[in-house]
Amino acid sequence: MTNLAPAATRIGHVHLKVADLERAIAFYRDVLGFAVTMRYGKQAAFLSAGGYHHHIGLNTWESAGATPPPPGHTGLYHTAFLYPDRAALAAVLHRVLAAGLTLDGAADHAVSEAIYLRDPDQNGVELYVDREEADWPRDADGNLQMNNTPFDLQALLNAHPAQTLSQN
């Protein structure tokens, strides 16, 4: 195939319609740890990690006070946030649990370890860490052999106890 995206291509940001901007900001800022980089009045905000202009856009332009789409309809399955290491993943998991949020699940995919939950607007959220690419399982032809086995969250939390974290 000649029209492949270059290997360095990345998803730059996700922009979500939300029902309540302040509630959404509180989740993405206070629980997941992203910093607010800019606001457009009371209708939109942009958040990022590490000073990037934005990884997450939130707006109420067409959705203020709206309800989530019902199950069985098309739309966003989930956004996935790649954390740099297991300690960072454990830190965000501690904040998720401290906020009293319910997890949808957790899985070891052999190439990554992932935690699943929902934001306040019921958008799916995946928090994950990749394993080193050299450790990814492959078949004899070099194809990835991902799986979906249980991820021991308690072991992750025990290996990385909660720490006092400064907010951005």
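Residues numbered from 1 in each chain as written. Predicted model: local features only at pLDDT ≥ 70, side-chain atom pairs only at ≥ 80, totals over all residues. Heavy atoms only, no water.

Draft legend 1. Focus on the sheet that holds strand β3 (residues 44-48). Read across the sheet, 4 strands follow the order β1-β4-β3-β2 without closing on themselves; strand pairing throughout is mixed. A single partner strand is all that each edge strand has here, and the edge strands are β1 (14-17) and β2 (35-40). Direction aside, neighbouring strands of the sheet carry axes that sit 20° apart on average. In the sheet, β3 pairs with strand β4 (residues 56-59) via 4 bridges, with the strands oriented antiparallel. Paired with Leu47 across the bridge in β4 is Ile56. Against the sheet, helix α1 (residues 21-31) engages β1, β2, β3 and β4, with an angle of about 0° to β3. (Pairing = 2+ DSSP bridges. Helix = DSSP H or I, 4+ residues; strand = E, 2+ residues; numbered from the N terminus. Axes fitted to C-alpha atoms, helices over the stretch in contact; angles between N-to-C directions. Contact = heavy atoms within 4.5 Å.)

Draft legend 2. Just the environment of Pro84, in detail. As for its position among the elements, Pro84 is in the loop between β5 (78-82) and α2 (86-98). We classify Pro84 as exposed; its relative accessible area is 71%. Through-space distance from the C-alpha of Pro84 to that of His160 is 14 Å; in sequence the pair is 76 residues apart. (Buried < 20%, exposed > 50% of the residue type's maximum accessible area, 1.4 Å probe, protein only.)

Draft legend 3. Up close: the packing of aromatic side chains. Inspection of the entire model under this criterion finds 4 aromatic pairs. Aromatic pair Phe34 and Phe81: ring centres 5.1 Å apart, planes at 55°, arrangement tilted. One end of the pair, Phe34, is in the loop between α1 and β2; the other, Phe81, is in strand β5, and 47 residues separate them in sequence. Three or more aromatic residues joined by ring pairs make a cluster, and in this case those are Phe27, Tyr28, Phe34 and Phe81. (Phe/Tyr/Trp six-rings, centres within 6.5 Å; stacked < 30°, edge-to-face > 60°.)

Draft legend 4. Spotlight on the pattern of salt bridges. Taken as a whole and judged by the stated rule, the model has 8 salt bridges. Here Arg131 makes a salt bridge to Asp108, at a shortest N to O gap of 2.8 Å. Of the two residues, Arg131 sits in the loop between β8 (124-130) and α3 (153-159) while Asp108 sits in strand β6 (residues 103-108), which places them 23 residues apart along the sequence. For Arg131, a relative accessible area of 27% puts it in the partly exposed group. Look at Asp108 and you get buried, because its relative accessible area is 16%. (Salt bridge = Lys/Arg side-chain N within 4 Å of Asp/Glu carboxyl O.)

Draft legend 5. Up close: the environment of Phe27. Relative to the helices and strands, Phe27 is located in helix α1. Between the C-alpha atoms of Phe27 and Trp136, which are 109 residues apart in sequence, the distance is 32 Å. Once residues lying within four places of it in the same chain are set aside, the contact partners of Phe27 are Leu32, Leu101, Leu117, Arg118, Asp119, Pro120 and Val125.

Draft legend 6. α2, seen in detail. Between its first and last C-alpha, α2 extends 18 Å over 13 residues, near the 18 Å set by a 1.5 Å rise per residue. Among the residues of α2, those classed as buried are Leu89, Ala90, Ala91, Val92, Leu93, His94, Arg95 and Val96. The inward-facing, buried residues of α2 abut α1, β6, β7 (112-118), β8 and α3. Where α2 begins, one side-chain oxygen reaches toward the backbone nitrogen of Ala87, 3.3 Å away; that side chain belongs to Asp85. Gly100 lies just past α2 and shows a positive phi near 75°. (Expected span 1.5 Å × (residues − 1). Polar contact = N/O pair within 3.5 Å; in protein donor to acceptor, adjacent residues only side chain to side chain.)

Draft legend 7. Highlighting the pairing of β1. The alternating pattern of β1 places Val14 and Leu16 on a buried face and His15 and Lys17 on a face that is not buried. Summarising the sheet, β1 and β4 pair through 4 bridges and their orientation is parallel. Bridge pairing in β4 links Lys17 to Asn59.

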